[in-house]
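Inside the fold
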Amino acid sequence: MVDVKKKAAELLSSEAVKVIIGYTEGTGGKPRAAFIQNVADVEKLIFNSQCVMNLAVYLTKAEIKKLGKPAIVAPVNVLRAIIQLAFEVQIQESDIVVLGITPDEKLVEFQSFAAIESYLEDFKMELDAKEKETLAKISGMSLEERWAYWTEELSECFKCYACRAACPMCYCHKCAVEQNKPQWIPVAAHQLGNMEWHIMRAMHLAGRCVNCDACHNACPKGINLNFLTKLMLADAQEQLGYTGPTLKEGNLLSTYNPNDQENFIK
Ligand code: SF4
Ligand code: SF4
């Protein structure tokens, strides 16, 4: 962390950036996002295994953009989101400085988004054994069992939208759930309203989700909504060889390859 703090202080004092987006100590021992604008506050930056929120979510927020050019502390989950956002033309290379950070808190400097993409080749987006086990359990259910499973899993949702707020890929100024002319998704947190909200959300993230789990970590009810996007990721990996976002083919659903399998069309 020493070299990250040193670089952050240099960037602020030379006015190369106006704000450092990083992690700091929050309440109850949990880290929170920090927006550091003074060199003296750089010491407040921390990094540990509990720093699980995806800071890339702030790169598209108007309130943060107003602060001026940012540098962002970026573990692998943030780097993946940066590549996906770059592919979607939501961020420009010249507008941010990326301070990559390894799990053992070492600074990795990047001169370009292409350099981040190369670095990520060593961190393929893969599901771990426990996640695969859960996905296999869900996929092995009959349609009726699966409907019952998700109805039960999503029944605790009270539509606070913390999952949406935490997701770096949910950057629309106006979300479809807030449209009321026409109203696409029921407002109430009842069975139909919850199911429609979560299916809509998952489909909007198909081929875009960077599997960071920030949505699940933000959910006050601990709902495993991230398994909806993990199921799609598993399909994309298995059927299309997808291994994570890239600058050229960052959006799976809008990328055409004549060799794509078509056996899912029935
Ligand atoms: S849907 Fe969840 S796991 Fe996927 S990018 Fe958004 S916050 Fe991360
Ligand atoms: S954070 Fe949890 S409770 Fe809130 S809308 Fe998302 S799934 Fe529902």
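Residues numbered from 1 in each chain as written. Chains lettered and ligands numbered in written order. Predicted model: local features only at pLDDT ≥ 70, side-chain atom pairs only at ≥ 80, totals over all residues.

1. Quick notes on the domain arrangement of the chain
Once the domains are mapped, the chain shows domain 1 (2-120) and domain 2 (129-254). Centre-to-centre, using C-alpha coordinates, domain 1 lies 26 Å away from domain 2. Facing 20 residues of domain 1, the contacting portion of domain 2 comprises 17 residues. Going through the elements one at a time, α3 (76-87) and α4 (113-120) are the ones with two or more residues in the side of domain 1 that touches domain 2. Tallying contributions element by element places α3 first for the side of domain 1 that touches domain 2, with eight residues. Taken together, the residues that form the side of domain 1 that touches domain 2 break down as 12 nonpolar, five polar and three charged. (Domains from an automatic or database assignment. Contact = placed C-beta atoms within 7 Å. Helix = DSSP H or I, 4+ residues; strand = E, 2+ residues; numbered from the N terminus. Nonpolar A, V, L, I, M, F, W, Y, C, P; charged D, E, K, R; others polar.)

2. What to know about the environment of Asn226
With respect to the helices and strands, the residue Asn226 is situated in helix α10 (residues 226-240). Residue contacts for Asn226: discarding those within four places in its chain leaves Asp213, Cys215 and His216.

3. Focus on the site of ligand 1
Taken together, the neighbourhood of ligand 1 is formed by 15 residues, with Cys167, Cys209, Cys212, Ala214 and Cys215 sitting nearest. Every element with two or more residues in the shell around ligand 1 is listed here: α9 (214-218) and α10. (Near = placed C-beta within 6 Å.)

4. A look at the environment of His173
Within the secondary structure layout, His173 lies in the loop between α7 (162-166) and α8 (191-204). Residues His173 and Gly100, spaced 73 residues apart in sequence, show a C-alpha to C-alpha distance of 28 Å.

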